[in-house]
Structure formats: C-alpha cells, structure tokens
Amino acid sequence: TQLLEQSPQFLSIQEGENLTVYCNSSSVFSSLQWYRQEPGEGPVLLVTVVTGGEVKKLKRLTFQFGDARKDSSLHITAAQPGDTGLYLCAGWMTTDSWGKLQFGAGTQVVVTP
Amino acid sequence: EAGVAQSPRYKIIEKRQSVAFWCNPISGHATLYWYQQILGQGPKLLIQFQNNGVVDDSQLPKDRFSAERLKGVDSTLKIQPAKLEDSAVYLCASSFIVGGELFFGEGSRLTVL
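Cut-off values and rules
- Residues numbered from 1 in each chain as written.
- Chains lettered and ligands numbered in written order.
- Predicted model: local features only at pLDDT ≥ 70, side-chain atom pairs only at ≥ 80, totals over all residues.
- Heavy atoms only, no water.
- Helix = DSSP H or I, 4+ residues; strand = E, 2+ residues; numbered from the N terminus.
- Contact = heavy atoms within 4.5 Å.
- Buried < 20%, exposed > 50% of the residue type's maximum accessible area, 1.4 Å probe, protein only.
- Polar contact = N/O pair within 3.5 Å; in protein donor to acceptor, adjacent residues only side chain to side chain.
- Salt bridge = Lys/Arg side-chain N within 4 Å of Asp/Glu carboxyl O.
- Core = buried A, V, L, I, M, F, W, Y, C linked by side-chain atoms within 4.5 Å.

> What is the right way to read the side chain of A:S73 from this model?
Mapped onto the secondary structure, A:S73 falls in strand β8 (residues 71-76). Among residues more than four places away in sequence, those in contact with A:S73 are A:T20, A:V21, A:Y22, A:W34, A:T62, A:F63 and A:Q64.

> Help me understand the side chain of A:E54, please; the structure alone is not making it clear to me.
Residues and elements named next belong to chain A. Looking at the element boundaries, E54 is found in the loop between β5 (44-49) and β6 (55-58). According to the relative accessible area criterion, E54 is buried, its value standing at 19%. Here the side chain of E54 touches V50 through a polar contact of 2.7 Å, landing on its backbone nitrogen. Excluding anything up to four places from it in sequence, E54 contacts T48, V49, F63, Q64 and F65.

> When you look at unusual backbone geometry in this model, what are you seeing that I'm missing?
A negative phi angle characterises most non-glycine residues, just as the trans form characterises most peptide bonds. In this chain, B:S7 is followed by B:P8 through a cis amide linkage whose omega measures -5°. The peptide bond linking B:Q80 to B:P81 adopts the cis configuration, its omega dihedral lying at -5°. Structurally, B:P81 is set in the loop between β8 (75-79) and β9 (88-95). Not every positive phi belongs to a glycine, and A:R69 is a case in point at roughly 60°. With respect to the helices, strands and loops of the structure, A:R69 is situated in the loop between β7 (61-65) and β8. Judged by its relative accessible area of 30%, A:R69 falls in the partly exposed class.

> Please explain the pattern of salt bridges as it appears in this structure.
Note that side chains of opposite charge can pair when their charged atoms are close. Residues and elements named next belong to chain A. Evaluation of the coordinates by the stated rule reveals 7 salt bridges over all chains. For R36, the salt bridge identified is with E38, shortest N-O distance 3.9 Å. By relative accessible area, which is 21% here, R36 ends up partly exposed. Since its relative accessible area comes to 33%, E38 is described here as partly exposed. The residue E54 makes a salt bridge to K56 at a minimum N-O spacing of 3.8 Å.

> Help me understand the nonpolar core, please; the structure alone is not making it clear to me.
Nonpolar side chains tend toward joint burial in soluble globular proteins. Counting residues in hydrophobic clusters, the biggest one holds 22 residues, and the most contacted among them are A:L19, A:L32, A:W34, A:F63, A:L74, A:I76 and A:V109. Of all elements in the fold, only β2 (10-14), β3 (19-24), β4 (31-37), β5, β7, β8, β9 (85-94) and β11 (107-112) of chain A reach the threshold of two or more residues within this core. When neighbours within four sequence positions are excluded, A:L19 is seen to be in contact with A:L11, A:I13, A:L74, A:H75, A:I76, A:A79 and A:V109. Listed in part, the 21 residues of the second largest apolar core include B:V4, B:V19, B:W34 and B:L46.

Laid out in structure tokens, this is it:
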C-alpha cells in the first residue's frame, strides 16, 4: 500500500497543452518534494514545499502544498516535449533526530510534438 | 562536484544466485539510502544509513538482503539468494541533511532469470 497516492498514473498530451498531477495522502508530512526521473537515470529534485498552502513556481511548473500538508499538486503550463518523464512526489516524515522519505508510484507524462 | 556513483549498471543472474551492488555517495553526505524501484512503481526505501549506523531498515527483506556502510562512506547492498521478484533497479542516494535534497545515482538494474 502506497502512503502517497498519485494520479493519474499516465498522462499523454500534445505540446502546448496544460496538465496537472496530484499527490494525496492521509498522513501529514514535514515537507514534500517533487522529483522527475528520465529513463536510465535516478530521480532529480524539482522542488521542496514546506509550509501548508505554499505555492512555488519554477518557470512553467507550479507546485502547491495543501493547507493540511497532506497533499500536493504539480501544474505544467504549455507543456513541451522536454517535460516528458516520470514525476514522483515524495513526503518527508521527520523527527528531531531522523527522517524518512517515502515516494508515490509516479505519474508518467508524455508530451508529443 | 562528483555525483553518486553506482556499479554495476546492469546485472543478470539466475534465481538463487547472489549479487552485490556498490555505491559511493557525494563527499560529505552523512546520510545514504538504498531504494528498490520495480518497473512501473515508485522507489521503495530498503535501508537508510546515518554515517555508518542504520537508522531505518524496516522494509529490507533481511532473510536475503544485507547492506553495510563501513567507515561511513561507501556502501554495499547484497542479495543472497536472489528471487525472480528481486528484478528491479536498485537506486543509491545520499543527502547532506535529513529532510534535504536526495542526490541519486543512475541505479543498478538487476534481472533475475
């Protein structure tokens, strides 16, 4: 059972369209991260959100952390073929002395020219 | 700055054989993680080290998997004996602080026949 549920699992769109990926959980996280993974490579961090309600923008990507710090969304405006990849959300559960990062199953995004 | 190094990149073995994967994290990163990523799924944490001590191995199948991080630098993950369901990519990651960015290696792809 995944602690973090991502939807949709797969998304195929045309270049120039917009898309949104959702990440939901019943658990509260200290912070939430989004990674992108390309074939044959390890995931690469896109953003970390820490505060409930926080919105961060990275060029055409907009990330939002839910008010209760249980969910997040990633919105891509005017998608380009270079945005193709596996998008993974990951939640940090931390204490004073240690922390654990758990990943969702990922959303495979394909942007065709 | 050198990234996380992993070897081998690919390994094919038959079931019941053994295999070992090696990881050298980014210099100065105290925390080292081993994740298992099965095709179509997100990474699953197997074991997490803080320096040379284990802080989480709750999802490590200890009857067949073992890992060590001697001297708090590089690490080895071993599987003995391997099962068909162990076919996956084994990702090593490191971070400077808990709760921070994870830097991943390219992964070691294991196929068990």
